[in-house]
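# Understanding the architecture of this molecule
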Amino acid sequence: MDILFRRMPEFGCTPDVVSCSTLLKGLCNEKRVEEALELLHMMADDGDGSCTPDVVTYSTVINGLFGEGQVEKAYNLFLKMLDGGISPNVVTYNTIIDGLCKTQAVDRAEGVLQQMIDKGVKLNIWTYTCLIHGYLSAGQWKKVVRRLEEMYTCGLHPDVVTYGLLLDYLCKNGKCSEARKIFDSMIRKGIKPNVTIYAFLFTGMLLTNGISPDHYIFNIVFCAYARKAMIDETMHIFSKMRQHGLSPDVVNYGTLIDAFYKLGRVDDAVLKFNEMVNEGVTPNIVVFSSLVYGLCTVDRWEKAEELIFEMWDQGVRPNVVFFTTIMCNLCKEGRVMEAQSVIDFMERVAVRPDVISYTTLIGGHCLAGRTDEAAKLLDVMLSVGLKPDILCYDTLLHGYCKAGKIDNAYCLFREMLRKGVTPGAVTYSTILQDWEIF
């Protein structure tokens, strides 16, 4: 961190509070909160005053500490901020109240709230929502009611998040008639329910009426959460299934693995895959596909290759579309050599690449500036009995033009005509945009 500060001036950059705040936020987002804290201390010790921490920088690191479960460190930093004469704003106070309530330290949160009021900082809807969450976690329903009444008195009204907390608590405690009244009130006030609220009501009503949710019902809620990338809620439903005596099936596991992969949490996806196999649930092509795609995106092709062989051993036969999709993802990320290895692997497992497979790889080589390698693939295609189509030629033609290889592009254009491939609108558009000799 010290090196960063010393070297920024070498590149004509003078560290200021804005650049430092950006770096702090990035460190906290990457779960590197200790480094963020170190940077904050360096800012405070900076002699020229250009990077003096302000309310935003302190709030960022406080939030990061709470996010890592370091409650006391976060609260002590808040006190240090006060000692330094920096006045917290509503965001800072809400961050502290939320962090304390999530650890069920509701009494301390109320103390911070009182301090907030004494300092004349106006409470907002998020302040009340954080407190209500804390009260509900502690089972203090009467305090919830009082805070709701206080909100209305202040001219504030619950939003969809607040309503979600209330409905979740009521449904979990078997008070579905009360939950329905709150839901109806929400609708009357023009607040649009989200998938979370419908899920709470749906499962709550079923349980109240003595109906035990089955796999189909859980899957509806489960998939809704996963599509919204609400992974914590998805995991909650996953646990709920077991509580109701239901073992997650291949659809449940597949949905969860896919959600993890799309969030970039590939290690978590692998853990769930292993758990699935250990429980005797046989993966299908959908599960394998999600995991293989995920492994390829984080440059773990060897593990992906192992998984494909495992698919083969279990009688799951990936087709050409499966492999071409992997190649497409790799090429988009500029990892054309890995994409090339997919073609080689396909031949080893007797899956014949098609024209689209080769066109995808040609496009990848062109993006990487490897037009010579891309051109060789045309010969390879012909040698295995595949005829390049207009898309294939257009891809290579565009690659030549972008690389400034006009002579190669001209020869390719003549070859297209000689082979009886009729140029299309894309072909002529490429020529008009990039071909300077026309």
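The notes below deal with the structure included here. Computed from a predicted structure; not experimentally measured. Think of each chain on its own: its residues are numbered from 1, step by step along the sequence as written. Only residues with pLDDT of at least 70 are given local features in this predicted model, and only at 80 or more are side-chain atom pairs given and counted; all residues enter the totals for whole chains, interfaces and linings. The side-chain figures draw on all heavy atoms in the structure; neither hydrogens nor water molecules are used.

Our focus in this paragraph is the environment of Cys331. Secondary-structure assignment places Cys331 in helix α19 (residues 320-332). Separated by 34 residues in the primary sequence, Cys331 and His365 have C-alpha atoms spaced 7.9 Å apart. Any two residues whose heavy atoms approach within 4.5 Å are treated as being in contact. When sequence neighbours within four positions are dropped, the list of residues in contact with Cys331 reads Ala339, Thr360, Leu361, Gly364 and Leu367. To qualify as a helix, a DSSP run of H or I must reach at least 4 residues; to qualify as a strand, a run of E must reach at least 2; elements of each kind are numbered from the N terminus.

Here the focus is the nonpolar core. Soluble globular proteins tend to bury their nonpolar side chains together. Of all hydrophobic cores here, the largest spans 71 residues; its most connected members are Phe323, Ile326 and Ile362. Apart from residues no more than four positions distant in its own chain, Ile326 is found in contact with Val292, Tyr293, Cys296, Trp301 and Val342. Residues Leu37, Ala74, Cys130 and Cys176 belong to the second largest nonpolar core, which totals 60 residues. Only buried Ala, Val, Leu, Ile, Met, Phe, Trp, Tyr and Cys residues count toward a nonpolar core, and they belong to the same one when joined by side-chain atoms within 4.5 Å. Only protein chains enter the calculation, and the probe is 1.4 Å; a residue is then buried if its accessible area is under 20% of its type maximum, exposed if over 50%, and partly exposed in between.

Relative to the assigned elements, Thr95 resides in helix α6 (residues 90-102). Using a relative accessible area of 13% as the deciding quantity, one classes Thr95 as buried. Polar contact is the term for a pair of N or O atoms within 3.5 Å; when the atoms are in protein, one must be able to donate a hydrogen and the other to accept it, and sequence-neighboring residues count only if both atoms are side-chain atoms. Of the polar contacts made by the side chain of Thr95, one reaches the backbone oxygen of Val91; its length is 2.8 Å. Ignoring anything within four residues of it in the chain, the contact list for Thr95 reads Ile62, Asn63 and Phe66.

This part is about unusual backbone geometry. Positioned with a positive phi, Gln104 is a non-glycine residue whose angle comes to about 65 degrees. Relative to the elements of secondary structure, Gln104 occurs in the loop between α6 and α7 (106-118).

Moving on, we come to the packing of helix α4 (residues 55-67) against α6. For any two helices packed against each other, the geometry comes down to the angle between their axes and how far apart the axes lie. Between α4 and α6, the shortest axis-to-axis distance is 9 Å and the interhelical angle comes to 10 degrees. The orientation of α4 relative to α6 falls into the category roughly parallel. Each of Val55, Ser59, Ile62, Asn63 and Phe66 in α4 lies in contact with α6, whose residues at this interface are Thr92, Thr95, Ile96, Gly99 and Leu100. Class assignment for the residues of the contact of α4 with α6 results in 5 nonpolar, 5 polar and no charged. Interaxial angle, 0 to 180 degrees, is taken between N-to-C directions of lines fitted to C-alpha atoms, where a helix line uses only the stretch in contact. Note that the term roughly parallel is reserved for angles under 35 degrees, roughly antiparallel for angles over 145, roughly perpendicular for angles of 65 to 115, and oblique for everything else. In this classification, the charged set is Asp, Glu, Lys and Arg, the nonpolar set is Ala, Val, Leu, Ile, Met, Phe, Trp, Tyr, Cys and Pro, and all remaining amino acids, among them Gly, are polar.

Note that every value here comes from positions in space, so none of it alone points to a role or purpose.
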